[in-house]
Amino acid sequence: MKMGGEGKVYTLAEFSQHNNAKDCWLLIGGKVYNVTKFLEDHPGGDEVLLSASGKDATDDFEDVGHSSSARAMLHELYVGDIDASTIPT
Ligand code: HEM
């Protein structure tokens, strides 16, 4: 099922394998972002991004109150969407 956006649609299981410093994806608002190359540039540090990988990082991202320029960066990091039917309710 196409979920919108221009990227691929990943299952939660596929997404959650990208959970380390060499290959790190974040799930924010149902969208998948590849932050591997961004890890060392993140003003909040790489550790918080690694901790937020492999699961839904929406609350972690929103709780910080990221700026509009931080939100704009998301477009460049976007790789696809999550198949919502694979997320446990
Ligand atoms: C792709 C996702 C993310 C992007 C593009 C991003 C980008 C940024 C940027 C640009 C800043 C500088 C302040 C600002 O402009 O708001 C920042 C700060 C920060 N970020 Fe993120 N961030 C991301 C995800 C996260 C996540 C998931 C967490 C928490 C688990 C997090 C925690 C923080 C913290 C704690 C700071 C404050 C650092 C400080 O001021 O000392 N970020 N982030």
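Residues numbered from 1 in each chain as written. Predicted model: local features only at pLDDT ≥ 70, side-chain atom pairs only at ≥ 80, totals over all residues. Heavy atoms only, no water.

A separate point is the sheet that holds strand β1 (residues 8-10). What the five strands build is an open sheet, ordered β1-β5-β4-β3-β2; its pairing is mixed. Only two strands of the sheet have a single partner each, and these edge strands are β1 and β2 (19-20). Across two bridges, the pairing between β2 and strand β3 (residues 23-28) is antiparallel. Following the sheet pairing, asparagine 19 is matched in β3 by cysteine 24. Sitting on the sheet, helix α4 (residues 68-77) touches β3, β4 (31-34) and β5 (78-82), and the angle it makes with β5 is about 85°. (Pairing = 2+ DSSP bridges. Helix = DSSP H or I, 4+ residues; strand = E, 2+ residues; numbered from the N terminus. Contact = heavy atoms within 4.5 Å. Axes fitted to C-alpha atoms, helices over the stretch in contact; angles between N-to-C directions.)

Here we take up the nonpolar core. Side chains that are nonpolar tend, in soluble globular proteins, to be buried together. Among the nonpolar cores identified, the biggest contains 13 residues, and Leu26, Ile28, Tyr33, Val35 and Leu49 are the most heavily contacted of them. Put simply, the parts of the chain that give this core at least two residues each are β3, α2 (46-52) and α4. Broken down by element, the residue count for this core peaks at three residues, all from β3. Among all residues touching isoleucine 28, those that are not within four sequence positions of it are Tyr33, Ala57, Thr58, Phe61 and Leu74. In this structure, Tyr10, Phe15, Trp25 and Ile82 belong to the second largest nonpolar core, which totals six residues. (Core = buried A, V, L, I, M, F, W, Y, C linked by side-chain atoms within 4.5 Å. Buried < 20%, exposed > 50% of the residue type's maximum accessible area, 1.4 Å probe, protein only.)

Distances and angles like these do not, on their own, reveal function.
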